[in-house]
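Residue-level structure breakdown
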Amino acid sequence: MVSYSAYESITLDVDNGVATIEFHRPEVYNALNNEVMLDLSRAFDEIQLNRDIDVVVITGEGEDAFSAGADISQYAGTADEHDPLQRDRQELFYEMYQKPYDCHAPVIAKINGYCVGGGLIFAMYCDLRIAVDDAKFGVPTANIGQIPTGGSTWRAVELVGEAKAKELVYTAGMIDADEAERIGLVNHAVPREELDETVDGIVDGIQDTGRGAVKNSKRAINGAVRAGSLAGAREQEAEIWWEQFATDERRELVDEFNEGQ
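Residues numbered from 1 in each chain as written. Predicted model: local features only at pLDDT ≥ 70, side-chain atom pairs only at ≥ 80, totals over all residues. Heavy atoms only, no water.

A closer look at the sheet that holds strand β3 (residues 18-23)
The sheet built from 7 strands is open, its strands ordered β1-β2-β3-β4-β6-β8-β11 with mixed pairing. The sheet terminates laterally at β1 (2-4) and β11 (188-190), the two strands that pair on one side only. Neighbour-to-neighbour, the strand axes of this sheet turn through a mean angle of 20°, independent of strand direction. Across 3 bridges, the pairing between strand β4 (residues 55-60) and strand β6 (residues 107-111) is parallel. Paired with V56 across the two strands is V107, which belongs to β6. (Pairing = 2+ DSSP bridges. Helix = DSSP H or I, 4+ residues; strand = E, 2+ residues; numbered from the N terminus. Axes fitted to C-alpha atoms, helices over the stretch in contact; angles between N-to-C directions.)

Following this line, the structure appears as structure tokens:
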């Protein structure tokens, strides 16, 4: 196992093609402040340089929270006191939220408790979300007189639809894991004692397939989301399809499949 050092608020370990990131601020429910976001940005840069990584798993220390969102103390004061620093900070958050989405490997949010505000936004930009069945989810920005940021309005509508996204934001309320699974916000809600096994099973499933094919499938799906039209999505999909078709991985796996018939 390789452990990357010099992080202040997270850890990053890589073992057998699996990168694990863990938040380490349990005393504040793993809230996301500038330090955390800068650490996360560097961690994903490290991961992006290691193409041997097949999958990334992100979780929070302890059993209370994946992340309770932004550190609200950093929003105190008038707008004049924050400008232009807050504009730069929001841009940093947006760039960070994009990194799991654009990462070459699938990214799984392993949600072990509260997943709220900026923590939920970050989880929404991961590829998959697996949660304990007593987790709580919400976007309580209206409670502090703010609106969601980081491109989250677009991402939330994409995941759960316009009406449900508006309900979550307008009411600033919380939903439980069963409701989050029902509306498509999380892939699976499982008992706490099954969380590790469920995530490990998905990781094994990813690593048991064509690993290059998985990464190129992520590129194709993300491209389809951003394309805006069937024709645009199909054009990019065809290019990636042919790129994958030309790989040794594809040839070897097809031969292996045919030999097993």
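So, the pattern of salt bridges
A side chain with one charge can pair with a side chain of the opposite charge if their charged atoms come near. Applying the stated criterion across every chain yields a total of 16 salt bridges. Of the charged contacts in the structure, one is a salt bridge between E162 and K166, with a shortest N-O distance of 2.5 Å. Here E162 and its partner K166 are both found in helix α6 (residues 162-171), 4 residues apart, which amounts to about one turn of the helix. For E179, the salt bridge goes to R182, with nearest N and O atoms at 3.0 Å. A residue pair is termed a helical-turn pair when its members lie 3 or 4 positions apart in one helix, as E179 and R182 do in helix α7 (residues 177-182) at 3 residues. On the basis of relative accessible area, R182 is assigned to the exposed category, the value being 60%. Look at the salt bridges and you will find they share partners, linking K164, E167, E179 and R182 into a network. (Salt bridge = Lys/Arg side-chain N within 4 Å of Asp/Glu carboxyl O. Buried < 20%, exposed > 50% of the residue type's maximum accessible area, 1.4 Å probe, protein only.)

Some words on the environment of D45
Counting through the fold element by element, D45 comes out in helix α1 (residues 34-48). What makes D45 partly exposed here is its relative accessible area of 39%. Taking the C-alpha atoms as reference points, D45 and K99, separated by 54 residues in sequence, lie 8.5 Å from one another.

Quick word on the packing of helix α5 (residues 152-160) against α6
How two helices sit against one another is set out by the angle between their axes and by the gap between those axes. Following both chains from N to C, one finds α5 and α6 inclined at 125°, their axes separated by 7 Å at the closest point. Considering the angle they form, α5 stands oblique to α6. In this structure, α5 crosses over α6, and the sense of that crossing is right-handed. Residue-level inspection shows A156, V157 and V160 of α5 in contact with α6, the latter providing E162, K164 and A165. For the contact of α5 with α6, the class distribution of residues is 4 nonpolar, no polar and 2 charged. (Parallel < 35°, antiparallel > 145°, perpendicular 65-115°, else oblique. Left-handed = near helix turned anticlockwise from the far one by under 90°. Contact = heavy atoms within 4.5 Å. Nonpolar A, V, L, I, M, F, W, Y, C, P; charged D, E, K, R; others polar.)

Overview of the packing of aromatic side chains
Under the defined criterion, the tally for this structure stands at 9 aromatic pairs. Put simply, the rings of F93, Y97, Y101 and Y125 touch in pairs and so form one group of aromatic residues. Here R42 stacks its cationic end above the ring of Y7, 4.8 Å away from the centre of that ring. R155 extends its terminal NZ or CZ atom over the ring of Y125, reaching a point 5.9 Å from the ring centre. (Phe/Tyr/Trp six-rings, centres within 6.5 Å; stacked < 30°, edge-to-face > 60°. Lys NZ or Arg CZ within 6 Å of the ring centre and 35° of its normal.)

What about the environment of N34?
Inspection of the secondary structure assignment puts N34 in helix α1. When the C-alpha atoms of N34 and V203 are compared, they prove to be 30 Å apart, with 169 residues separating the residues in sequence. Every residue in contact with N34, bar those within four places of it in the chain, is listed here: Q74, R89 and F93.

Focus on the environment of A31
Along the chain, the position of A31 falls in the loop between β3 and α1. Counting along the chain gives 84 residues from A31 to C115, while the straight-line C-alpha distance between them is 9.9 Å. In contact with A31, not counting residues within four places along its chain, are R25, V36, S67, G69, A70 and D71.

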